[in-house]
Structure formats: structure tokens, C-alpha cells
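Tertiary structure, described
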Amino acid sequence: SFSARARPSYVPWISIGLVANERFLGLLIPFMHTSPLHEGACLVLQELVTKRMEAHAKMEHLTRLSFVSLLTEAAAAGVQLTTRFSSLVSALALELLDCWDRTASASPPSPESSQLAAQAASLLGQVMPLLLSCLAAPEMETSQCAMGFLHTCAGGRAVLDRLC
């Protein structure tokens, strides 16, 4: 349990190639299904999702590792909707919204930025059902952890107007 909780502290400064790959995720994902390791696995995944990058690199990162389908499949396979999982889903939605905003408002617009903006919007649409299930969780704390996305959207109404 200690190593699962300590590992998220190392993700921000470890080379992205060492922790953001299919092999590492393949070892980490089963821990999401094990109660004592669930929290640590979600924390590590959240660090991988929120690792700071330029929008183009971030979209490549999120797409290559299939974070949207990975979390959707985990939820469908029975991963508990805990506060950590809800925070992870909200963080993914926020990162996709940020990527969409940065690529959609690129100046000057380019075919690549337009394509990335469309891809981010599509992935955001795919993660919304999972985010809504986290918001509808019976535990208030779990539901509140998904509120970060809604607060950002409500505060950035202009972003939502452009997205819709």
C-alpha cells in the first residue's frame, strides 16, 4: 500500500516514456480492481493524465494510451466509483477540455490544430457518460470530486459556447 501511495509523487519528474506506456498501464490497471491498491492506482493514473505538456503532445499522450476507453472499460468491469476514481475521471475531462480550448483557439488556425480540437471534443463527448455517472454516485464525496469539471465549465461559459 505504501508503494502504491508513494508512486504518484514520482510520476511528475520521471521521464514520461518510463511510466506512460502500455506495459506500465497493463501492470497498473488490475490494481484499480483491488480495494487496498485502488486509491494508489487512481492517483498514479491521475498524475499520468495531468502531466503538463503542450496541447499537441498531450492529445497524442491521451490518445496513444487510450485513457477514455481504459477508464470506461474499468467502470464497466466493476471498478468502484470512489472519490479517487471520480477525481481521475474529472481530471481527464478537464485535460481534454483544456486541449480542446488551446487547439481550437490556436492563432493562426491550422489544419492540425483544427483536427486536434475535433479529436479532443470527440474524446470529451466519450468521457461525459462516465463523468455523469460519477456525478450521480450515491456518495456525496464521490459526486463532489467530479464537480471540478462543472465548475470550470460554468466559470468558462465562453468556452462552452464555442464547444457547443
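Details of the overall build of the protein
- In terms of regular secondary structure, the protein is built from eleven helices and zero strands.
- Ordered by position from the N terminus, the helices and strands of the protein form the series α-α-α-α-α-α-α-α-α-α-α.
- Split into buried and exposed, the 164 residues of the protein put 43% on the buried side.
- Considering only residue pairs separated by 6 or more positions, the protein has 73% of its internal contacts joining residues 24 or more positions apart.
- Of the accessible surface of the protein, which amounts to about 8,500 Å², a share of 60% is contributed by carbon and sulfur atoms.

Concerning helix H8 (residues 111-135)
- With 25 residues, H8 should cover 36 Å at 1.5 Å per step; its first-to-last C-alpha distance of 35 Å lies within 8% of that length.
- In the structure, H8 departs most strongly from a straight axis at Met 128, where the bend amounts to approximately 35° and where the proline Pro 129 lies between one and four residues downstream.
- When we look at burial in H8, the residues that qualify are Ser 113, Leu 116, Ala 117, Ala 120, Leu 123, Leu 124, Val 127, Leu 130, Leu 131, Cys 134 and Leu 135.

Some thoughts on the side chain of Ser 113
- Within the fold, Ser 113 resides in helix H8.
- Among the polar contacts made by the side chain of Ser 113, one reaches the main-chain amide nitrogen of Ser 110 at a distance of 3.0 Å.
- Apart from residues lying up to four places away in sequence, Ser 113 is in contact with Thr 103 and Ala 106.

Re the nonpolar core
- In terms of nonpolar packing, the biggest core is built from 44 residues, with Met 32 and Phe 85 touching the most fellow members.
- For this core, the elements supplying multiple residues, two or more each, are helix H3 (22-28), helix H4 (35-50), helix H5 (55-64), helix H6 (67-76), helix H7 (83-104), H8 and helix H10 (147-155).
- With ten residues, the single largest contributor to this core is H8.
- Not counting residues up to four positions away in its chain, the partners in contact with Met 32 are His 38, Ala 41, Cys 42, Leu 45, Leu 71, Ala 74, Val 79 and Phe 85.

Conventions used here
Within any chain, residue numbers begin from 1 and follow the written order of that chain's sequence. pLDDT decides what is reported in this predicted model: residues at 70 or higher carry local features, side-chain atom pairs at 80 or more are listed and counted, and totals for whole chains, interfaces and linings draw on all residues regardless. Each side-chain value is worked out from all heavy atoms of the structure, with water and hydrogens disregarded. Each helix is a run of DSSP H or I of at least 4 residues and each strand a run of E of at least 2, with the numbering of both proceeding from the N terminus. When a residue's accessible area, from a 1.4 Å probe over protein chains only, is under 20% of the maximum for its type it is buried; when over 50% it is exposed; and in between it is partly exposed. Should any heavy atoms of two residues lie within 4.5 Å, those residues are counted as being in contact. We get accessible surface area from the Shrake-Rupley algorithm with a probe of 1.4 Å; when it comes to residues, only the shown protein chains can shield them. Here the expected length of a helix is defined as 1.5 Å per residue gap, with one fewer gap than residues. One axis fitted to the seven residues ending at a residue, another fitted to the seven starting there: the angle between these axes is the bend at that residue. Here a polar contact means two N or O atoms within 3.5 Å. Within protein one must be a hydrogen donor candidate and the other an acceptor candidate, and residues neighboring in sequence count only if both atoms are side-chain atoms. Only buried residues count toward a nonpolar core. Its members are Ala, Val, Leu, Ile, Met, Phe, Trp, Tyr and Cys residues joined through side-chain atoms within 4.5 Å.

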